[in-house]
Amino acid sequence: MDYKSAGVDIEAGYKSVELMKKHIKETMRPEVLTNIGGFSGAFSMEKFKNMEKPTLVSGTDGVGTKLKLAFILDKHDTIGIDCVAMCVNDIACAGGEPLFFLDYIACGKNEPEKIATIVSGVADGCKQSDAALIGGETAEMPGFYPVDEYDLAGFAVGVVDEKDLITGKELKDGDVLIGMASSGVHSNGFSLVRKVFEMNEASLKTYHDSLGTTLGEALLAPTKIYVKALRTIKEAGVKIKACSHITGGGFYENIPRMLCDGVRAVVEKDSYPIPPIFKMLAEKGDIKEEIMYNTFNMGLGMIVAVDKDDVEATMKAIEAAGEAGYIVGHIENGEKGVSLC
């Protein structure tokens, strides 16, 4: 009897590490002090000593049941981008610059090529956000996960000067809400998505004219990473007063999280184009509009609040970062919350 006969292949683990090294290497930043494969990752803070009050910000998240689609389609090269996006977008939402990322993959059977493909997506997400992939863990857990399934989660750390934290405390009546387009469903609401659509290969590989792609491709489109866009807005000299990453809970849960007491967000539903995947979801699932806005991002992955005098500069910065921005509403005095009209 040995570990392999119990279902854990140590040699496969070694091979996974070797295969993923080339992807990890592409994410390195000069502050990384350790080599790939060590027991921990070290990251120098020397560069940030010039900040008045350097402040660490962190985020952790997973991909959720969107993974089920990756299993069905045997497509694993972009799911890692989702994992990174869910963490670094939260950090950027607070005004932070993502510094480094760690991933955790738990699987029923370690297939080195598949694990390396997953990590290639994680590395892509790290490159998009300028974060170094400095460590991680692949846990082979036979009997706990089916042999062809896995879970993926991550953890990111960033830095911001305390004076640059985005807190929402300076919001006032007349401030403008600007939304940035999502790539689709992103990584939230998939338990409902999987109830609406048939989750099999034939269904997911069916092409839909309204989507301009197959259903599976539309649903697996990786989550947008908004780090560059938020950084570009800051570099344009704009003060972002408040910021909301539209994730699980949609508009009704996430927008109030960026507000201070005494102000209310008003969002105009017809101020931006809603991607066709949401219309298909609502129609096929007979989902009420309120539930849609309380579950999904509805085409806006990030919303920022700026002074009305900064709107033009903000829109230009978003465009310069390669994203699509829309003026979607405003802040007004009132009970803390959000109104959709």
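Note that this is a predicted model, so its numbers are computed, not measured.

Caption draft 1: Here's a closer look at the nonpolar core. With 93 residues, the main nonpolar core has L219 and F251 as its most contacted residues. In this structure, L219 is in contact with K66, L69, V185, F190, V193, F197, L204 and I277, ignoring residues within four places of it in sequence. Residues V32, F43, F48 and V157 belong to the second largest nonpolar core, which totals 10 residues.

Caption draft 2: How the structure looks around the packing of aromatic side chains. Going through the model one piece at a time under the given rule, you end up with six aromatic pairs. Where F43 meets F100, the ring centres are 5.2 Å apart and the plane angle is 45°; that geometry is what we call tilted. With F43 in the loop between helix 1 (10-25) and strand 1 (54-62) and F100 in strand 2 (residues 97-107), the pair connects residues that are 57 residues apart, well separated along the chain. For the pair F251 and Y293, a centre-to-centre distance of 5.2 Å together with 85° between the ring planes defines the contact as edge-to-face. With F251 in helix 9 (residues 250-254) and Y293 in helix 11 (residues 289-293), the pair connects residues that are 42 residues apart, well separated along the chain. Each member of the pair, F251 together with Y293, is buried.

Caption draft 3: Structural detail: the packing of helix 1 against helix 4 (residues 112-129). Relative orientation of the contacting elements helix 1 and helix 4 amounts to 30°, with a least axis distance of 8 Å. It follows that helix 1 is roughly parallel to helix 4 by the angle criterion. Remark: the crossing between helix 1 and helix 4 carries right-handed chirality. Where helix 1 approaches helix 4, its residues A12, K15, S16, L19, M20, H23 and I24 are matched on the opposing element by P112, E113, I115, A116, V119, S120 and A123. Grouping the constituent residues of the contact of helix 1 with helix 4 by class yields nine nonpolar, three polar and two charged.

Caption draft 4: Summary view of the side chain of S187. Residue placement: S187 occurs in the loop between strand 5 (176-181) and helix 5 (190-196). Side chain to side chain, S187 and D82 meet in a polar contact 2.9 Å long. At 2.9 Å, the side chain of S187 and the side chain of T223 are in polar contact.

Caption draft 5: Structural context of unusual backbone geometry. Not every positive phi belongs to a glycine, and H186 is a case in point at roughly 60°. Mapped onto the elements, H186 comes out in the loop between strand 5 and helix 5. In this structure, D286 takes a positive phi of about 50° despite not being glycine. Mapped onto the fold, D286 is located in the loop between helix 10 (276-285) and helix 11.

Caption draft 6: Representation of the sheet that holds strand 5 in the model. Read across the open sheet, the six strands follow the order 8-10-5-11-9-12; overall the sheet is mixed. Two strands bound the open sheet, and with one partner strand each, they are strand 8 (242-245) and strand 12 (337-340). Adjacent strand axes in the sheet meet at a mean angle of 25°, parallel and antiparallel pairs treated alike. Where strand 9 (residues 263-267) lies against strand 11 (residues 325-333), five bridges are found, and the strand directions are antiparallel. Bridge pairing in strand 11 links A265 to I331. The sheet strands contacting helix 3 (residues 79-93) are strand 8 and strand 10 (300-306), and the helix crosses strand 8 at an angle near 170°. Along the sheet, helix 12 (residues 311-320) contacts strand 5, strand 10 and strand 11; its crossing angle with strand 5, the most-contacted strand, is approximately 10°.

Caption draft 7: Geometry of the sheet that holds strand 3 (residues 132-140). Reading across the sheet, the four strands line up as 1-4-2-3 and stay open at both edges, with mixed pairing between neighbours. For this open sheet the edge positions go to strand 1 and strand 3, each flanked by a neighbour on one side alone. Taken over all neighbouring pairs, the strand axes of this sheet differ in orientation by 15° on average, direction set aside. The sheet contact formed by strand 2 and strand 4 (residues 150-161) spans 10 bridges and is antiparallel. Residue pairing across strands places P98 opposite G158, the latter belonging to strand 4. Of the strands in this sheet, strand 2, strand 3 and strand 4 touch helix 4, which is tilted by about 165° from strand 2.

Caption draft 8: Here's a closer look at helix 3. In a regular helix each residue adds 1.5 Å, so 15 residues correspond to 21 Å; helix 3 covers 21 Å between its end C-alpha atoms and thus fits that length. The buried fraction of helix 3 is high, at 14 of 15 residues.

Caption draft 9: Summary view of helix 1. Here helix 1 contains 16 residues, and its C-alpha end-to-end distance of 23 Å stays within 8% of the 22 Å for a straight helix at 1.5 Å per residue. The sharpest bend along helix 1 reaches about 30° and sits at L19. Residues A12, S16, M20, H23 and I24 constitute the buried set of helix 1.

Conventions used here
- Residues numbered from 1 in each chain as written.
- Predicted model: local features only at pLDDT ≥ 70, side-chain atom pairs only at ≥ 80, totals over all residues.
- Heavy atoms only, no water.
- Core = buried A, V, L, I, M, F, W, Y, C linked by side-chain atoms within 4.5 Å.
- Buried < 20%, exposed > 50% of the residue type's maximum accessible area, 1.4 Å probe, protein only.
- Contact = heavy atoms within 4.5 Å.
- Phe/Tyr/Trp six-rings, centres within 6.5 Å; stacked < 30°, edge-to-face > 60°.
- Helix = DSSP H or I, 4+ residues; strand = E, 2+ residues; numbered from the N terminus.
- Axes fitted to C-alpha atoms, helices over the stretch in contact; angles between N-to-C directions.
- Parallel < 35°, antiparallel > 145°, perpendicular 65-115°, else oblique.
- Left-handed = near helix turned anticlockwise from the far one by under 90°.
- Nonpolar A, V, L, I, M, F, W, Y, C, P; charged D, E, K, R; others polar.
- Polar contact = N/O pair within 3.5 Å; in protein donor to acceptor, adjacent residues only side chain to side chain.
- Pairing = 2+ DSSP bridges.
- Expected span 1.5 Å × (residues − 1).
- Bend = angle between axes of the 7 residues up to and from the residue.

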